[in-house]
Amino acid sequence: MSAFDLPWLVADIGGTNARFGLVTSPGARPSNVAVLPGADYPTLPEAVAAYLAEHAGGVRPGAACLALAGPIDGEHYKLTNSHWSGSIRDLDVPYARLLNDFEALAVSLPHLEGDELVSLGGPAPGHGVKAVLGPGTGLGVGGLVPTERGWTAVPGEGGHATVPVFEPREIEVVKALQAHGLPHVVAEHLLSGPGLVRLHRALALVNGVTAPELTASDIVARVDDSLCAETVDVFCGMLGTFAGNVALTLGARGGVYLAGGVLPRIVERVRASAFRTRFEDNPDMAAYLAGIGTVLIVAAQPGMTGAAAWLSQHARTELVS
């Protein structure tokens, strides 16, 4: 078997779930998609083996591109919110490449269209540097830069930047968290699924009320609960400021795309929130930010779409060189 042989294996691996698929021809969207709970498998190679055996007819892929939620060091990986770590060589695939999960999302951006995107305000995204960010198990950030040879993805760990507090209530939240053992609050601590839980707990402290321990799903579902509603409102406002900071840092005049597992469940609440106002709220660059579109990715498997696009664009070139 050579690395040119199809099918190719693609994956989008987060702290909670591992999503796998097969690419049967260059440029095709992934097929045979399956989602496996990461906690059910001690290692990534075991999860890959289970997918290939149980969902892909036992095929042996000629190449693989895996997007993982964590920093990539060459052929080595360590997921930020999972115990999985190791080397891509452990998969025993003729050619395999690792991408940061938001690097893969960035690669997917030119391939998303129509009902795979929902506007969150501003003009339609255009050509130019693009940014992608999103709250899920963690908070990912990436960029996409146009070059003479096409698009180049820029991975990053922007979710670990210091939290973007702006309003007095948010400052109180940070102070409450610091007083309860979290001295340096970063964006991911509040702008993620676990961050919603932490934010809900902190707002209870700030408001001087007793609140039950709820999951992120519980918080977004309880629309008639005043503390849960406040949690979602504060979350959306802070996310708007964070997204504006990312847009300014990358010069993302081609659009800011939001992804992750949290936002698709609260699309209309994000649109009705202070998200877009906070995105544009900057004393010096309000007009600049007003000209940048913000959209939500609601495609089913955009990370795998990016991994498939990366293989189609780069695998053969790298192998020949």
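Residues numbered from 1 in each chain as written. Predicted model: local features only at pLDDT ≥ 70, side-chain atom pairs only at ≥ 80, totals over all residues. Heavy atoms only, no water.

Of all hydrophobic cores here, the largest spans 49 residues; its most connected members are Leu-133, Phe-235, Val-256 and Leu-258. Apart from the residues within four sequence positions on either side, Leu-258 is in contact with Leu-120, Leu-133, Leu-239, Leu-263, Phe-275, Val-295, Leu-296 and Ile-297. Counting 29 residues, the second largest nonpolar core, distinct from the first, contains Trp-8, Leu-99, Ala-259 and Trp-310. (Core = buried A, V, L, I, M, F, W, Y, C linked by side-chain atoms within 4.5 Å. Buried < 20%, exposed > 50% of the residue type's maximum accessible area, 1.4 Å probe, protein only. Contact = heavy atoms within 4.5 Å.)

The next thing to look at is helix 2 (residues 101-108). Of all eight residues making up helix 2, eight are buried, and the element is well covered by its neighbours. For helix 2, the full list of buried residues reads Asp-101, Phe-102, Glu-103, Ala-104, Leu-105, Ala-106, Val-107 and Ser-108. (Helix = DSSP H or I, 4+ residues; strand = E, 2+ residues; numbered from the N terminus.)

One open sheet holds the six strands; their spatial order is 9-14-13-10-11-12, and the pairing between them is mixed. If you trace the sheet from one side to the other, it starts and ends with strand 9 (117-119) and strand 12 (150-155), each paired once. Between one strand axis and the next, the sheet turns by 25 degrees as a mean value, whatever way the strands run. Summarising the sheet, strand 10 (residues 130-135) and strand 13 (residues 256-258) pair through three bridges and their orientation is parallel. Within the sheet, the bridge partner assigned to Val-132 lies in strand 13 and is Tyr-257. The strands touched by helix 6 (residues 226-250) within the sheet are strand 10, strand 11 (139-147) and strand 13, with strand 10 carrying the most contacts at an inclination of about 150 degrees. (Pairing = 2+ DSSP bridges. Axes fitted to C-alpha atoms, helices over the stretch in contact; angles between N-to-C directions.)

On to the pattern of salt bridges. Counted according to the given criterion, the structure contains nine salt bridges. Each member of the salt-bridge network shares a partner with another, and the members are Glu-167, Glu-170 and Arg-278. (Salt bridge = Lys/Arg side-chain N within 4 Å of Asp/Glu carboxyl O.)

Quick look at the sheet that holds strand 4 (residues 63-68) now. Read across the sheet, five strands follow the order 3-2-1-4-8 without closing on themselves; strand pairing throughout is mixed. Of all the strands in the sheet, just strand 3 (31-37) and strand 8 (95-100) have a single pairing partner and so form its edges. Neighbour-to-neighbour, the strand axes of the sheet open up by a mean angle of 15 degrees, direction not taken into account. By the bridge criterion, six bridges tie strand 4 to strand 8 in an arrangement that is parallel. From the neighbouring strand, Ala-63 faces strand 8, where its bridge partner is Tyr-95. Sheet contacts for helix 1 (residues 44-55): strand 1 (8-13), strand 2 (17-23), strand 3 and strand 4; angle to strand 3, the most-contacted strand, approximately 135 degrees.

The next point concerns the side chain of Ser-87. The topology assignment puts Ser-87 in strand 7 (residues 85-87). A distance of 3.4 Å separates the side chain of Ser-87 from the side chain of Glu-75, its partner in a polar contact. (Polar contact = N/O pair within 3.5 Å; in protein donor to acceptor, adjacent residues only side chain to side chain.)

What follows concerns unusual backbone geometry. For the bond from Leu-6 to Pro-7, the omega torsion is 5 degrees, close enough to zero to count as cis. For Pro-7, the position within the fold is in the segment before strand 1. Of note in the backbone geometry, Asp-92 takes a positive phi value of approximately 55 degrees without being a glycine. Within the element layout of this structure, Asp-92 appears in the loop between strand 7 and strand 8.

Remember, this is a structural readout, not a statement about activity or role.
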